[in-house]
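Residues per chain are reported as follows:
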Amino acid sequence: MQVDGRLYRTVWSVPAKGVVRVIDQRHLPWNFVLQDLATVEETAVAIREMHVRGAGCIGATAGYGMWLAARESSGSMKRLEQLAALLTATRPTARNLSWAVERQLNVLKDLSPDQWDHAALTESKAIADEDASWCERIGEHGLPLLSGIHEKKSRQAPVQVLTHCNAGWLAFTDWGSATAPIYAAHRAGIPIHVWVDETRPRNQGSRLTAWELQNEGVPHTVIADNAGGHLMQHGKVDIVITGSDRTTCTGDVANKIGTYLKALAAHDNDIPFYVALPSSTIDWECRDGVRGIPIEERGGSEVSTVEGLTHEGVVQGVNLVNPGSPTSNYAFDVTPSRLVTGLITERGICDATAEAIAILFPPTARR
Ligand code: MRU
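If you're wondering where the values come from, they're calculated on a predicted model, not measured in any experiment.

### Overview of the packing of aromatic side chains
Here is step 1 of the chain: Considering all chains together, one arrives at 6 aromatic pairs under this definition.
Here is step 2 of the chain: Taking the centre distance of 6.3 Å and the plane angle of 50 degrees together, the rings of Trp99 and Trp134 count as tilted. Note that Trp99 is positioned in helix H4 (residues 95–108) and Trp134 in helix H5 (residues 116–151), a separation of 35 residues in sequence. Both residues of the pair, Trp99 and Trp134, count as buried.
Here is step 3 of the chain: Three or more aromatic residues joined by ring pairs make a cluster, and in this case those are Tyr8, Trp12, Phe32, Trp169 and Trp211.
Here is step 4 of the chain: Here the basic side chain of Lys256 rests over the ring of Phe332, its NZ or CZ set 4.4 Å away from the ring centre.

Take a look at the structure:
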(Lines give C-alpha, C1' and ligand atoms only; values in the text may rest on other atoms or scores of the structure.)
Protein backbone atom coordinates (compact mmCIF):
# COMPACT_ATOMS: atom_id res chain seq x y z
CA MET A 1 0.00 0.00 0.00
CA GLN A 2 1.00 3.64 -0.35
CA VAL A 3 3.11 5.66 2.05
CA ASP A 4 3.80 9.17 0.75
CA GLY A 5 3.13 7.97 -2.77
CA ARG A 6 5.51 4.97 -2.55
CA LEU A 7 4.39 1.35 -2.47
CA TYR A 8 5.45 -0.63 0.58
CA ARG A 9 5.02 -4.00 2.12
CA THR A 10 5.47 -4.48 5.86
CA VAL A 11 8.41 -6.90 5.60
CA TRP A 12 10.88 -7.94 2.91
CA SER A 13 14.42 -9.24 2.54
CA VAL A 14 17.58 -7.47 1.41
CA PRO A 15 19.71 -10.49 0.46
CA ALA A 16 22.74 -8.39 -0.55
CA LYS A 17 22.96 -7.21 3.08
CA GLY A 18 21.76 -10.47 4.62
CA VAL A 19 18.96 -8.67 6.47
CA VAL A 20 15.21 -8.62 6.80
CA ARG A 21 13.73 -5.12 6.54
CA VAL A 22 10.52 -4.20 8.37
CA ILE A 23 8.39 -1.16 9.02
CA ASP A 24 8.91 -0.52 12.74
CA GLN A 25 5.29 0.06 13.73
CA ARG A 26 6.13 1.37 17.20
CA HIS A 27 6.87 4.78 15.68
CA LEU A 28 3.62 5.20 13.75
CA PRO A 29 1.72 7.39 13.14
CA TRP A 30 4.26 10.05 14.05
CA ASN A 31 7.33 8.72 12.29
CA PHE A 32 7.84 6.25 9.46
CA VAL A 33 10.87 4.16 10.40
CA LEU A 34 12.37 1.10 8.72
CA GLN A 35 14.44 -1.39 10.73
CA ASP A 36 16.94 -4.00 9.54
CA LEU A 37 16.94 -7.34 11.35
CA ALA A 38 20.27 -9.13 10.97
CA THR A 39 19.86 -12.07 13.35
CA VAL A 40 17.19 -14.46 14.61
CA GLU A 41 17.53 -12.90 18.05
CA GLU A 42 16.81 -9.43 16.63
CA THR A 43 13.85 -10.87 14.74
CA ALA A 44 12.49 -12.48 17.91
CA VAL A 45 12.79 -9.17 19.78
CA ALA A 46 11.05 -7.32 16.93
CA ILE A 47 8.10 -9.73 17.09
CA ARG A 48 7.93 -9.95 20.90
CA GLU A 49 8.23 -6.20 21.43
CA MET A 50 5.80 -5.49 18.58
CA HIS A 51 8.05 -3.60 16.19
CA VAL A 52 6.03 -5.77 13.84
CA ARG A 53 2.61 -7.04 14.80
CA GLY A 54 -0.61 -8.44 13.40
CA ALA A 55 -1.19 -12.05 12.48
CA GLY A 56 0.03 -12.12 8.87
CA CYS A 57 2.88 -9.70 9.43
CA ILE A 58 4.38 -11.67 12.30
CA GLY A 59 3.90 -14.88 10.29
CA ALA A 60 5.78 -13.40 7.33
CA THR A 61 8.47 -11.92 9.59
CA ALA A 62 8.94 -15.32 11.25
CA GLY A 63 9.17 -16.85 7.77
CA TYR A 64 12.01 -14.46 6.94
CA GLY A 65 13.44 -15.09 10.41
CA MET A 66 13.76 -18.74 9.42
CA TRP A 67 15.88 -17.64 6.47
CA LEU A 68 18.21 -15.96 8.98
CA ALA A 69 18.02 -19.13 11.10
CA ALA A 70 19.03 -21.25 8.10
CA ARG A 71 22.12 -19.05 7.68
CA GLU A 72 22.92 -18.99 11.41
CA SER A 73 22.60 -22.67 12.19
CA SER A 74 25.78 -23.81 10.35
CA GLY A 75 24.08 -26.87 8.92
CA SER A 76 22.93 -28.17 12.31
CA MET A 77 19.28 -29.30 12.28
CA LYS A 78 19.30 -29.21 16.10
CA ARG A 79 20.34 -25.54 16.08
CA LEU A 80 17.80 -24.75 13.37
CA GLU A 81 15.04 -26.26 15.51
CA GLN A 82 16.22 -24.27 18.55
CA LEU A 83 16.07 -21.03 16.57
CA ALA A 84 12.64 -22.04 15.24
CA ALA A 85 11.45 -22.56 18.82
CA LEU A 86 12.81 -19.14 19.80
CA LEU A 87 10.73 -17.50 17.07
CA THR A 88 7.60 -19.53 17.82
CA ALA A 89 7.68 -18.63 21.52
CA THR A 90 7.60 -14.88 20.91
CA ARG A 91 3.81 -14.51 20.63
CA PRO A 92 1.56 -17.43 21.51
CA THR A 93 -1.89 -16.53 20.14
CA ALA A 94 -1.43 -15.80 16.44
CA ARG A 95 -1.50 -19.04 14.47
CA ASN A 96 0.44 -17.59 11.52
CA LEU A 97 3.65 -17.47 13.50
CA SER A 98 3.99 -21.20 14.17
CA TRP A 99 2.39 -21.95 10.79
CA ALA A 100 5.17 -20.08 8.95
CA VAL A 101 7.94 -21.56 11.10
CA GLU A 102 6.62 -25.12 10.65
CA ARG A 103 6.27 -24.53 6.91
CA GLN A 104 9.93 -23.54 6.67
CA LEU A 105 11.06 -26.51 8.78
CA ASN A 106 9.09 -28.85 6.52
CA VAL A 107 10.88 -27.47 3.47
CA LEU A 108 14.36 -27.52 5.01
CA LYS A 109 14.26 -30.93 6.69
CA ASP A 110 14.43 -32.74 3.33
CA LEU A 111 17.32 -30.68 1.95
CA SER A 112 21.06 -30.73 2.46
CA PRO A 113 22.38 -27.78 4.53
CA ASP A 114 24.09 -26.20 1.53
CA GLN A 115 20.61 -25.72 0.03
CA TRP A 116 19.06 -24.14 3.15
CA ASP A 117 19.92 -20.50 2.49
CA HIS A 118 18.41 -20.37 -0.99
CA ALA A 119 15.41 -22.58 -0.15
CA ALA A 120 14.53 -20.68 3.04
CA LEU A 121 14.73 -17.33 1.24
CA THR A 122 12.50 -18.63 -1.56
CA GLU A 123 9.97 -19.99 0.91
CA SER A 124 9.93 -16.81 2.98
CA LYS A 125 9.13 -14.79 -0.13
CA ALA A 126 6.39 -17.28 -1.01
CA ILE A 127 4.85 -16.90 2.47
CA ALA A 128 4.88 -13.10 2.18
CA ASP A 129 3.52 -13.11 -1.40
CA GLU A 130 0.81 -15.56 -0.49
CA ASP A 131 -0.25 -13.44 2.48
CA ALA A 132 -0.60 -10.40 0.22
CA SER A 133 -2.52 -12.23 -2.49
CA TRP A 134 -4.83 -13.97 0.00
CA CYS A 135 -5.67 -10.63 1.57
CA GLU A 136 -6.32 -9.14 -1.87
CA ARG A 137 -8.75 -11.97 -2.56
CA ILE A 138 -10.44 -11.38 0.81
CA GLY A 139 -11.06 -7.88 -0.51
CA GLU A 140 -12.62 -9.21 -3.72
CA HIS A 141 -14.88 -11.61 -1.80
CA GLY A 142 -15.87 -8.99 0.78
CA LEU A 143 -16.66 -6.27 -1.74
CA PRO A 144 -20.18 -7.58 -2.61
CA LEU A 145 -21.11 -7.44 1.08
CA LEU A 146 -20.38 -3.71 1.14
CA SER A 147 -21.86 -2.98 -2.30
CA GLY A 148 -24.99 -4.91 -1.24
CA ILE A 149 -25.40 -2.68 1.80
CA HIS A 150 -24.82 0.40 -0.35
CA GLU A 151 -27.53 -0.60 -2.82
CA LYS A 152 -30.06 -0.60 0.01
CA LYS A 153 -29.08 2.88 1.23
CA SER A 154 -29.64 6.27 -0.37
CA ARG A 155 -27.00 6.91 -3.04
CA GLN A 156 -24.83 9.37 -1.14
CA ALA A 157 -25.10 7.70 2.28
CA PRO A 158 -21.84 5.94 3.12
CA VAL A 159 -21.69 2.33 4.19
CA GLN A 160 -20.84 2.50 7.89
CA VAL A 161 -18.25 -0.08 8.92
CA LEU A 162 -16.93 -0.57 12.45
CA THR A 163 -13.57 -2.24 12.95
CA HIS A 164 -11.46 -3.08 15.97
CA CYS A 165 -7.67 -3.01 16.36
CA ASN A 166 -5.57 -3.03 13.19
CA ALA A 167 -6.40 -5.80 10.77
CA GLY A 168 -5.08 -3.59 7.99
CA TRP A 169 -2.10 -3.93 5.70
CA LEU A 170 0.29 -3.22 8.56
CA ALA A 171 -0.99 -6.40 10.21
CA PHE A 172 -0.23 -8.46 7.07
CA THR A 173 2.25 -8.00 4.25
CA ASP A 174 -0.23 -5.98 2.18
CA TRP A 175 -3.97 -5.09 1.90
CA GLY A 176 -4.97 -6.35 5.35
CA SER A 177 -7.85 -8.69 6.12
CA ALA A 178 -10.66 -6.55 7.61
CA THR A 179 -9.53 -3.54 5.58
CA ALA A 180 -9.23 -5.36 2.23
CA PRO A 181 -13.00 -5.20 1.45
CA ILE A 182 -12.96 -1.57 2.62
CA TYR A 183 -10.12 -0.66 0.26
CA ALA A 184 -11.78 -2.61 -2.56
CA ALA A 185 -15.08 -0.78 -2.01
CA HIS A 186 -13.40 2.61 -1.75
CA ARG A 187 -11.53 2.01 -5.02
CA ALA A 188 -14.81 0.88 -6.64
CA GLY A 189 -16.32 4.26 -5.77
CA ILE A 190 -18.65 3.03 -3.04
CA PRO A 191 -18.99 5.71 -0.35
CA ILE A 192 -17.69 4.26 2.87
CA HIS A 193 -16.98 5.47 6.37
CA VAL A 194 -15.11 3.51 9.03
CA TRP A 195 -15.58 3.77 12.78
CA VAL A 196 -12.12 3.00 14.16
CA ASP A 197 -12.01 1.63 17.72
CA GLU A 198 -8.99 3.18 19.43
CA THR A 199 -8.13 -0.29 20.84
CA ARG A 200 -6.58 0.13 24.23
CA PRO A 201 -4.12 -0.65 25.60
CA ARG A 202 -1.74 -0.19 22.64
CA ASN A 203 -4.12 1.84 20.48
CA GLN A 204 -3.54 -0.03 17.23
CA GLY A 205 -6.82 1.47 15.98
CA SER A 206 -6.19 5.15 16.66
CA ARG A 207 -2.52 4.92 15.72
CA LEU A 208 -2.31 2.39 12.89
CA THR A 209 -5.73 1.82 11.32
CA ALA A 210 -6.42 5.56 11.28
CA TRP A 211 -3.00 6.21 9.66
CA GLU A 212 -3.60 3.55 7.03
CA LEU A 213 -7.09 4.73 6.14
CA GLN A 214 -5.89 8.31 5.90
CA ASN A 215 -3.06 7.30 3.53
CA GLU A 216 -5.62 5.62 1.29
CA GLY A 217 -8.10 8.51 1.55
CA VAL A 218 -10.82 6.45 3.25
CA PRO A 219 -13.15 8.57 5.43
CA HIS A 220 -12.99 7.42 9.04
CA THR A 221 -13.56 8.50 12.63
CA VAL A 222 -11.66 7.28 15.68
CA ILE A 223 -13.90 6.39 18.63
CA ALA A 224 -13.30 5.38 22.22
CA ASP A 225 -13.49 1.62 22.61
CA ASN A 226 -16.65 1.90 24.64
CA ALA A 227 -18.60 3.84 21.98
CA GLY A 228 -19.43 1.00 19.57
CA GLY A 229 -22.54 -0.27 21.38
CA HIS A 230 -24.08 3.20 21.46
CA LEU A 231 -23.41 3.73 17.74
CA MET A 232 -25.00 0.38 16.95
CA GLN A 233 -28.12 1.15 19.01
CA HIS A 234 -28.57 4.37 17.03
CA GLY A 235 -28.32 2.90 13.54
CA LYS A 236 -24.85 4.30 12.84
CA VAL A 237 -23.18 0.96 12.06
CA ASP A 238 -24.17 -1.20 9.04
CA ILE A 239 -21.58 -3.93 9.46
CA VAL A 240 -18.71 -4.89 11.76
CA ILE A 241 -15.60 -6.40 10.17
CA THR A 242 -12.67 -7.52 12.30
CA GLY A 243 -9.64 -9.71 11.75
CA SER A 244 -8.58 -12.92 13.45
CA ASP A 245 -5.32 -14.02 15.01
CA ARG A 246 -6.39 -17.65 15.38
CA THR A 247 -9.56 -19.25 14.07
CA THR A 248 -10.72 -22.68 15.21
CA CYS A 249 -11.82 -25.20 12.61
CA THR A 250 -15.31 -24.72 14.09
CA GLY A 251 -15.39 -20.96 13.49
CA ASP A 252 -14.49 -19.47 16.89
CA VAL A 253 -12.23 -16.46 16.48
CA ALA A 254 -9.44 -15.09 18.69
CA ASN A 255 -8.83 -11.42 18.02
CA LYS A 256 -7.62 -8.33 19.87
CA ILE A 257 -9.08 -7.94 23.34
CA GLY A 258 -12.48 -6.23 23.16
CA THR A 259 -13.62 -7.92 19.94
CA TYR A 260 -15.99 -10.21 21.86
CA LEU A 261 -17.80 -7.22 23.37
CA LYS A 262 -18.32 -5.76 19.89
CA ALA A 263 -19.71 -9.09 18.68
CA LEU A 264 -22.18 -9.16 21.61
CA ALA A 265 -23.32 -5.63 20.87
CA ALA A 266 -23.67 -6.41 17.14
CA HIS A 267 -25.71 -9.52 17.96
CA ASP A 268 -28.01 -7.56 20.27
CA ASN A 269 -28.59 -4.96 17.57
CA ASP A 270 -28.96 -7.38 14.66
CA ILE A 271 -25.91 -6.00 12.89
CA PRO A 272 -23.84 -8.39 10.74
CA PHE A 273 -20.52 -9.28 12.36
CA TYR A 274 -18.00 -10.59 9.82
CA VAL A 275 -14.47 -11.79 10.43
CA ALA A 276 -11.96 -11.49 7.58
CA LEU A 277 -9.11 -14.00 7.69
CA PRO A 278 -6.65 -15.80 5.49
CA SER A 279 -6.68 -19.56 6.08
CA SER A 280 -3.18 -19.28 7.57
CA THR A 281 -4.97 -18.22 10.79
CA ILE A 282 -6.97 -21.45 11.01
CA ASP A 283 -5.91 -23.90 13.70
CA TRP A 284 -7.11 -27.20 12.27
CA GLU A 285 -6.49 -29.01 15.57
CA CYS A 286 -8.56 -26.68 17.75
CA ARG A 287 -12.35 -27.06 18.03
CA ASP A 288 -13.06 -24.95 21.14
CA GLY A 289 -11.64 -21.44 21.04
CA VAL A 290 -12.52 -20.37 24.58
CA ARG A 291 -10.77 -23.36 26.14
CA GLY A 292 -8.25 -24.22 23.45
CA ILE A 293 -6.67 -21.01 22.20
CA PRO A 294 -3.67 -19.76 24.21
CA ILE A 295 -4.29 -16.15 25.21
CA GLU A 296 -1.18 -14.01 25.46
CA GLU A 297 -0.78 -11.91 28.60
CA ARG A 298 1.44 -8.89 28.17
CA GLY A 299 3.14 -6.58 30.64
CA GLY A 300 0.90 -4.36 32.76
CA SER A 301 2.78 -1.22 31.74
CA GLU A 302 0.83 -1.27 28.46
CA VAL A 303 -2.29 -0.63 30.55
CA SER A 304 -0.81 1.79 33.07
CA THR A 305 0.89 4.03 30.50
CA VAL A 306 0.09 5.52 27.13
CA GLU A 307 2.32 7.00 24.47
CA GLY A 308 1.54 10.18 22.55
CA LEU A 309 2.90 13.31 20.93
CA THR A 310 3.45 16.28 23.22
CA HIS A 311 2.65 19.85 22.13
CA GLU A 312 6.41 20.23 21.65
CA GLY A 313 6.39 17.40 19.09
CA VAL A 314 8.10 14.81 21.29
CA VAL A 315 6.80 11.24 21.44
CA GLN A 316 6.47 10.44 25.12
CA GLY A 317 4.79 8.00 27.49
CA VAL A 318 2.76 9.07 30.51
CA ASN A 319 1.31 7.21 33.48
CA LEU A 320 -2.48 6.81 33.48
CA VAL A 321 -3.18 4.71 36.53
CA ASN A 322 -3.21 5.32 40.24
CA PRO A 323 0.38 4.65 41.38
CA GLY A 324 0.54 1.29 43.13
CA SER A 325 -2.63 -0.17 41.62
CA PRO A 326 -2.06 -3.52 39.91
CA THR A 327 -2.94 -3.96 36.24
CA SER A 328 -3.83 -6.93 34.06
CA ASN A 329 -3.29 -7.17 30.32
CA TYR A 330 -4.89 -9.98 28.32
CA ALA A 331 -4.06 -9.27 24.68
CA PHE A 332 -6.82 -11.27 22.97
CA ASP A 333 -10.30 -12.65 23.54
CA VAL A 334 -12.36 -15.29 21.79
CA THR A 335 -15.62 -14.61 19.98
CA PRO A 336 -17.66 -17.81 19.79
CA SER A 337 -18.83 -18.83 16.31
CA ARG A 338 -22.51 -18.31 17.21
CA LEU A 339 -21.87 -14.56 17.25
CA VAL A 340 -20.10 -14.53 13.87
CA THR A 341 -22.30 -13.90 10.81
CA GLY A 342 -19.67 -15.16 8.39
CA LEU A 343 -15.98 -15.61 7.63
CA ILE A 344 -14.48 -13.76 4.67
CA THR A 345 -11.60 -15.91 3.43
CA GLU A 346 -9.37 -16.00 0.37
CA ARG A 347 -11.63 -18.70 -1.07
CA GLY A 348 -14.93 -16.95 -0.43
CA ILE A 349 -17.38 -16.28 2.38
CA CYS A 350 -18.68 -19.08 4.56
CA ASP A 351 -20.66 -19.60 7.75
CA ALA A 352 -18.63 -19.87 10.93
CA THR A 353 -19.25 -23.60 11.25
CA ALA A 354 -17.01 -26.65 10.98
CA GLU A 355 -19.04 -27.95 8.03
CA ALA A 356 -18.92 -24.73 5.99
CA ILE A 357 -15.21 -24.20 6.68
CA ALA A 358 -14.43 -27.78 5.64
CA ILE A 359 -16.29 -27.31 2.33
CA LEU A 360 -14.09 -24.30 1.44
CA PHE A 361 -10.97 -25.93 2.85
CA PRO A 362 -11.17 -29.72 2.46
CA PRO A 363 -8.33 -31.56 4.23
CA THR A 364 -6.63 -32.37 0.93
CA ALA A 365 -6.54 -28.71 -0.18
CA ARG A 366 -5.09 -26.88 2.82
CA ARG A 367 -1.82 -24.95 2.81
O1 MRU B 1 -1.38 -7.67 19.35
P2 MRU B 1 -1.44 -7.39 17.89
O3 MRU B 1 -1.43 -5.96 17.52
O4 MRU B 1 -0.46 -8.22 17.12
O5 MRU B 1 -2.89 -7.88 17.57
C6 MRU B 1 -3.20 -8.63 16.54
C7 MRU B 1 -4.04 -7.89 15.64
O8 MRU B 1 -3.52 -7.23 14.78
C9 MRU B 1 -5.47 -7.88 15.78
O10 MRU B 1 -6.01 -8.73 16.69
C11 MRU B 1 -6.10 -7.98 14.43
O12 MRU B 1 -7.39 -7.51 14.50
C13 MRU B 1 -6.09 -9.40 13.90
S14 MRU B 1 -5.82 -9.54 12.24
C15 MRU B 1 -4.13 -9.40 12.10
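### Details of the site of the ligand
Here is step 1 of the chain: Residues in contact with the ligand amount to 18 residues; listed here are only the nearest, Arg53, Arg91, Asp245, Asn255 and Lys256.
Here is step 2 of the chain: Taking Gly54, its main chain carries an N or O atom lying 3.0 Å from an oxygen atom of the ligand.
Here is step 3 of the chain: In this structure, Gln204 approaches the ligand through a side-chain N or O atom, which is 2.8 Å from an oxygen atom.
Here is step 4 of the chain: Taking 400 Å² as the accessible area of the ligand by itself, protein coverage stands at 100%.
Here is step 5 of the chain: In terms of residue class, the shell around the ligand is made up of 7 nonpolar, 7 polar and 4 charged.
Here is step 6 of the chain: Lining the shell around the ligand are residues from two domains, each supplying at least three of them: domain 1 (2–129) and domain 2 (142–365).

### A word on the pairing of strand E12 (residues 273–276)
Here is step 1 of the chain: Burial along E12 is two-sided: the face carrying Phe273 and Val275 and the face carrying Tyr274 and Ala276 are both buried.
Here is step 2 of the chain: With 3 bridges connecting them, strand E9 (residues 239–242) and E12 associate as parallel partners. In the strand pairing of E12, Ile241 is matched with Tyr274.
Here is step 3 of the chain: Summarising the sheet, E12 and strand E17 (residues 342–345) pair through 3 bridges and their orientation is parallel. By the bridge assignment for E17, Ala276 is matched with Ile344.

### Some details on the sheet that holds strand E5 (residues 34–37)
Here is step 1 of the chain: Pairing within the open sheet is antiparallel, and its 3 strands lie in the order E3-E4-E5. With partners counted over all chains shown, the strands left at the sheet margins are strand E3 (11–14) and E5, one partner each. Direction aside, neighbouring strands of the sheet carry axes that sit 30 degrees apart on average.
Here is step 2 of the chain: The pairing of strand E4 (residues 19–23) with E5 spans 4 bridges and is classified as antiparallel. By the bridge assignment, Val22 is partnered in E5 with Gln35.
Here is step 3 of the chain: Running over the sheet, helix H2 (residues 55–72) touches E3, E4 and E5 and is turned about 20 degrees from E3.

### Describing the domain arrangement of the protein chain
Here is step 1 of the chain: Once the domains are mapped, the protein chain shows domain 1 (2–129) and domain 2 (142–365).
Here is step 2 of the chain: One C-alpha centre belongs to domain 1, the other to domain 2, and the line joining them spans 24 Å.
Here is step 3 of the chain: Taken together, the contact pairs 32 residues of domain 1 with 35 residues of domain 2.
Here is step 4 of the chain: Each partner contributes to the roughly 2800 Å² buried at the junction of domain 1 and domain 2, and carbon and sulfur atoms together form 56% of this total.
Here is step 5 of the chain: On inspection of domain 1 and its partner domain 2, the count reaches 1 salt bridge.
Here is step 6 of the chain: The shortest N-O distance in the salt bridge between Arg91 and Glu296 comes to 3.0 Å.
Here is step 7 of the chain: Across the domain 1-domain 2 interface, the total number found is 18 residue pairs in polar contact (both at pLDDT 80 or more).
Here is step 8 of the chain: Counting only elements with at least two residues in the side of domain 1 that touches domain 2, the list comes to strand E1 (2–3), H2 and H4.
Here is step 9 of the chain: The dominant element in the side of domain 1 that touches domain 2, judged by the number of residues it contributes, is H2, at 4 residues.
Here is step 10 of the chain: Partitioning the side of domain 1 that touches domain 2 into residue classes produces 16 nonpolar, 9 polar and 7 charged.

Criteria and cut-off values
- Residues numbered from 1 in each chain as written.
- Predicted model: local features only at pLDDT ≥ 70, side-chain atom pairs only at ≥ 80, totals over all residues.
- Heavy atoms only, no water.
- Phe/Tyr/Trp six-rings, centres within 6.5 Å; stacked < 30°, edge-to-face > 60°.
- Helix = DSSP H or I, 4+ residues; strand = E, 2+ residues; numbered from the N terminus.
- Buried < 20%, exposed > 50% of the residue type's maximum accessible area, 1.4 Å probe, protein only.
- Lys NZ or Arg CZ within 6 Å of the ring centre and 35° of its normal.
- Near = heavy atom within 4 Å.
- Polar contact = N/O pair within 3.5 Å; in protein donor to acceptor, adjacent residues only side chain to side chain.
- Areas by Shrake-Rupley, 256 points an atom, 1.4 Å probe, with all protein chains shown as cover.
- Nonpolar A, V, L, I, M, F, W, Y, C, P; charged D, E, K, R; others polar.
- Domains from an automatic or database assignment.
- Pairing = 2+ DSSP bridges.
- Axes fitted to C-alpha atoms, helices over the stretch in contact; angles between N-to-C directions.
- Contact = heavy atoms within 4.5 Å.
- Buried area = accessible area lost by both parts, 1.4 Å probe.
- Salt bridge = Lys/Arg side-chain N within 4 Å of Asp/Glu carboxyl O.

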